[in-house]
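Residue-level structural notes
Single-letter residue listing:
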Amino acid sequence: MKLIDIRIDGFGKLNNKYISFADGINLVTGHNEAGKSTLHACIRAMLYGMERAKGVAALTDTYAHFKPWGTRRYGAVLRIEEDGMVYSITRDFAKDPVNCLMFNETTGEAVPFADDFLRNLLCGMTKEAYDNTVSIGQLESTADDDMAKELKRYIINMDTTGNR
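Below is a short write-up of the structure. Being a predicted model, the structure only gives us computed values, none of them experimental.

**Re the overall build of the chain**
Within the chain, the regular secondary structure consists of five helices and six strands. In the chain, the order of α-helices and β-strands from amino to carboxyl end is β-β-α-α-β-β-β-β-α-α-α. Taking all 164 residues of the chain together, 37% fall into the buried category. Considering only contacts in the chain between residues 6 or more positions apart, those separated by 24 or more positions represent 48%. Approximately 10600 Å² of the chain is accessible, and the part contributed by carbon and sulfur atoms is 54%.

Here it is, written out as structure tokens:
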């Protein structure tokens, strides 16, 4: 799967931003408070959704942290390419922070069961594995306990099923 571009309507300090990605590794640079970590969090939220905390914790959870001020739409559209097909992933975090809408731009058809389809595109990779391998945030280059658990689960699954 290849990221093509992202149009951020509102996510944290990023509003009405368009960013395109090149082939290969993309390195995001900028001054302090430029929005690098916010872009990182937005792409992760586009791929995996964003869980809301309950009760008092909801006041300071990830959802509340990146909610844009004012009346701007809280969401984005991420375009990806897989097997020669271009897909757009749309999330409106204000309406539904977990589920997404997906459209196959190549065929002009909506993708049914978008979340399941996206999970397959990500090869079942969990958020923790994504954070520790594919998309490493600023000052986060060491594997955490969740990654160790993920690798153990993967190895046990390989041993049990015989799938490599």
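**Quick notes on the side chain of Asp 61**
Within the secondary structure, Asp 61 is located in the loop between helix H1 (36-48) and helix H2 (62-66). Contacts of Asp 61, omitting those with residues within four sequence positions, involve Glu 51, Arg 52 and Ala 53.

**Details of the sheet that holds strand E4 (residues 85-92)**
With antiparallel pairing, six strands are arranged side by side in an open sheet as E2-E1-E3-E4-E5-E6. Pairing within the sheet leaves two strands with one partner each, and these edge strands are strand E2 (14-20) and strand E6 (109-110). Across seven bridges, the pairing between strand E1 (residues 2-11) and strand E3 (residues 75-82) is antiparallel. For Ile 8, the partnering residue across the bridge sits in E3 and is Ala 76. Each of E1, E2, E3 and E4 touches H1; the most contacted strand, E1, lies at about 105° to it.

**So, the pairing of E2**
The pairing of E1 with E2 spans six bridges and is classified as antiparallel. Directly across from Gly 10, in E2, lies its bridge partner Asn 15. Taking the residues that link successive antiparallel strands as the turn, the E1-E2 hairpin has two residues, and the phi of Gly 12 there is positive, at about 60°.

**Things to note about the nonpolar core**
Core analysis: the largest hydrophobic core is formed by 31 residues, its most contacted members being Ile 6, Phe 11, Leu 47, Ile 89 and Met 102. Not counting residues up to four positions away in its chain, the partners in contact with Ile 89 are Met 46, Leu 47, Ala 76, Val 77, Leu 78, Ile 80, Cys 100, Leu 101, Met 102 and Leu 118.

**Quick notes on the pattern of salt bridges**
What the rule picks out here adds up to 10 salt bridges. Where Arg 79 meets Glu 105, a salt bridge forms, and the shortest distance between an N and an O atom there is 3.1 Å. Here Glu 105 lies in the loop between strand E5 (101-104) and E6 and Arg 79 lies in strand E3, a separation of 26 residues in the sequence. Exposure remark for Glu 105: the relative accessible area of 35% places this residue in the partly exposed category. Between Asp 115 and Arg 91 there is a salt bridge, with its nearest N and O atoms 3.9 Å apart. Highlighted residues: Asp 115 in helix H3 (residues 114-121) and Arg 91 in strand E4, separated in sequence by 24 residues. On the accessibility criterion, Asp 115 (21% relative accessible area) is partly exposed. The network of salt bridges with shared partners includes Arg 7, Asp 9, Arg 73 and Asp 92.

Cut-offs and rules
- Residues numbered from 1 in each chain as written.
- Predicted model: local features only at pLDDT ≥ 70, side-chain atom pairs only at ≥ 80, totals over all residues.
- Heavy atoms only, no water.
- Helix = DSSP H or I, 4+ residues; strand = E, 2+ residues; numbered from the N terminus.
- Buried < 20%, exposed > 50% of the residue type's maximum accessible area, 1.4 Å probe, protein only.
- Contact = heavy atoms within 4.5 Å.
- Areas by Shrake-Rupley, 256 points an atom, 1.4 Å probe, with all protein chains shown as cover.
- Pairing = 2+ DSSP bridges.
- Axes fitted to C-alpha atoms, helices over the stretch in contact; angles between N-to-C directions.
- Core = buried A, V, L, I, M, F, W, Y, C linked by side-chain atoms within 4.5 Å.
- Salt bridge = Lys/Arg side-chain N within 4 Å of Asp/Glu carboxyl O.

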